[in-house]
Each structure stands twice: as structure tokens, then as C-alpha cells.
Amino acid sequence: MDHLTVLALRAKAGDRNALDRLVTETLSDVLGVCRYLGKPSDPEDLAQETYARALGSIHRFRGDGSARAWLLSIARRVCADATRSAIKNRKLDERLLADLMTADYHDHRWVEIDELLSILDDDRRTAFVLTQLIGLSYEEAAESMECPVGTIRSRVARARRQLLAEGGLDAAREGRNRLSG
């Protein structure tokens with residue numbers, strides 16, 4: 001049985017010093033795998049994830065094979081997971097960017113409406129948007145906001161009064177009509 005495997009078995013038994021030595025003596029190999037199989041910009045993060053996974057599963061390490069091979073197989077899986085995640089995130093980012101480029105809600109009219117509604121507190125704004133701009137019934141808005149229907153009605157009424165006082169209700173309605181049309 002090689003030296004690193006003995007350290008791993010001792011670490012499994014709770015020897016903190018053996019664990020520290022195992023990490024120190026395998027770090028350059030783990031970083032190398034992470035550097036070449038993962039993204040070159042973050043091998044330290046991938047190595048840290050490798051050791052976190054290894055510590056989480058060290059109780060299953062039996063010492064049948066070498067601890068070095070065991071750690072490097074974990075590093076390989078960490079890199080594969082990171083690559084899959086990066087690809088998934090890149091595809092999601094591309095899809096979101098494409099949606100933003102074509103979406104109606106990304107034009108200047110939403111900025112104007114958002115500015116008008118910014119004078120309202122969060123509860124009034126949410127109630128007003130759900131019922132007056134999105135078109136939910138008061139009951140649906142109450143369910144969404146987890147409050148009584150009467151609360152929604154009063155929030156919308158107060159929001160209307162506040163917007164009227166600021167001269168923004170007609171502009172908000174006009175924005176809704178432009179966006180839905």
C-alpha cells in the first residue's frame with residue numbers, strides 16, 4: 001500500500017494531520033488535472049471542489065486502489081461537471097440574450113412605465129401591476145400576493161390616487177395599451 005493511500009485511510013479514521021498531508025502532497029496533481037480538463041481560469045476552484053467532494057466521501061474509501069487515483073478520478077468528474085454546467089449556462093445566456101433582443105418588453109416604453117410606477121411602495125406597485133397592467137383579477141392578484149381581496153382593492157385604489165396626484169395614471173394606462181397592442 002502506497003504512502004498516500006495510508007494517509008487517506010488515516011484521514012478516514014479522523015487523523016487531521018494525515019488529511020492535511022494528503023491534501024498538501026496531492027495538490028499539484030489535482031491542480032494539474034483541473035487546469036487541463038477544466039477551465040484554465042479557475043483550477044483552484046475546481047481543486048477546492050475536488051477536495052470537498054473527497055472529504056464528503058472519504059468514509060467510503062476502502063484503500064483497494066491508490067488514494068492518488070481516487071482523488072484524480074474525483075477531479076476528473078468535477079471538471080466534467082463544470083464543463084457541462086458551463087455549456088448549459090452558455091446556452092441559457094445565448095437564449096436569454098436572443099429573447100432580450102426580440103422581446104417587446106425591452107423597449108423604452110417599459111422604462112417610462114417603470115419610472116411612473118416607481119413612486120408607489122412595493123405592495124401598491126405589485127397590486128397595481130398585477131391587476132391593471134398584467135390583467136389579473138383582484139382574486140388572482142390576492143392569491144398571488146397571499147393576502148385578502150379587499151387588501152388588493154385598497155392597494156390598487158391608493159395606487160390610482162397616488163398616480164393621479166402625480167399625473168401618471170393616464171400615461172400608465174397608455175403604456176399598457178401600447179404594450180398590449
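Residues numbered from 1 in each chain as written. Predicted model: local features only at pLDDT ≥ 70, side-chain atom pairs only at ≥ 80, totals over all residues. Heavy atoms only, no water.

Trainee: Outline helix H3 (residues 43-57), supporting the account with residue identities and numerical values.
Mentor: Taking 1.5 Å as the rise per residue, H3 with 15 residues should run 21 Å; its terminal C-alpha atoms sit 21 Å apart, in good agreement. Those residues of H3 that fall on the buried side of the exposure criterion are Pro43, Leu46, Ala47, Thr50, Tyr51, Ala54 and Ser57. Buried residues along H3 cover an arc of 140 degrees about the axis, so they all sit on one side. (Helix = DSSP H or I, 4+ residues; strand = E, 2+ residues; numbered from the N terminus. Expected span 1.5 Å × (residues − 1). Buried < 20%, exposed > 50% of the residue type's maximum accessible area, 1.4 Å probe, protein only. Arc of directions from axis to C-beta.)

Trainee: Kindly report on empty space enclosed by the protein, identifying the contributing residues and their values.
Mentor: Summary: where empty space remains is shown by rolling a probe the size of a single water molecule over the atoms. Taken as a whole, this structure holds one cavity of 30 Å³ or more when the rule is applied. Estimates place the volume of the largest cavity at around 50 Å³. Along its surface, the largest cavity is lined by Leu19, Leu22, Val23, Tyr51, Ala54, Leu55, Ile58, Trp70 and Leu71. Within the residue set of the lining of the largest cavity, elements represented by two or more residues are helix H2 (16-37), H3 and helix H4 (67-102). Broken down by class, the residue content of the lining of the largest cavity amounts to nine nonpolar, no polar and no charged. (1 Å grid on protein atoms, 1.4 Å probe; cavity = no way out; pocket = protein on both sides within 12 Å on 5 of 7 lines; lining within 4 Å. Points joined across faces, edges and corners; volume = space filled by probe spheres on them. Nonpolar A, V, L, I, M, F, W, Y, C, P; charged D, E, K, R; others polar.)

Trainee: Give a detailed account of the side chain of Arg155, specifying residues and quantitative values.
Mentor: Among the structural elements, Arg155 can be located in helix H8 (residues 149-166). Using a relative accessible area of 19% as the deciding quantity, one classes Arg155 as buried. Setting aside anything within four residues of it in sequence, one finds Arg155 in contact with Asp123, Arg124, Ala127, Met145 and Cys147. (Contact = heavy atoms within 4.5 Å.)

Nothing here speaks to function; it is geometry throughout.
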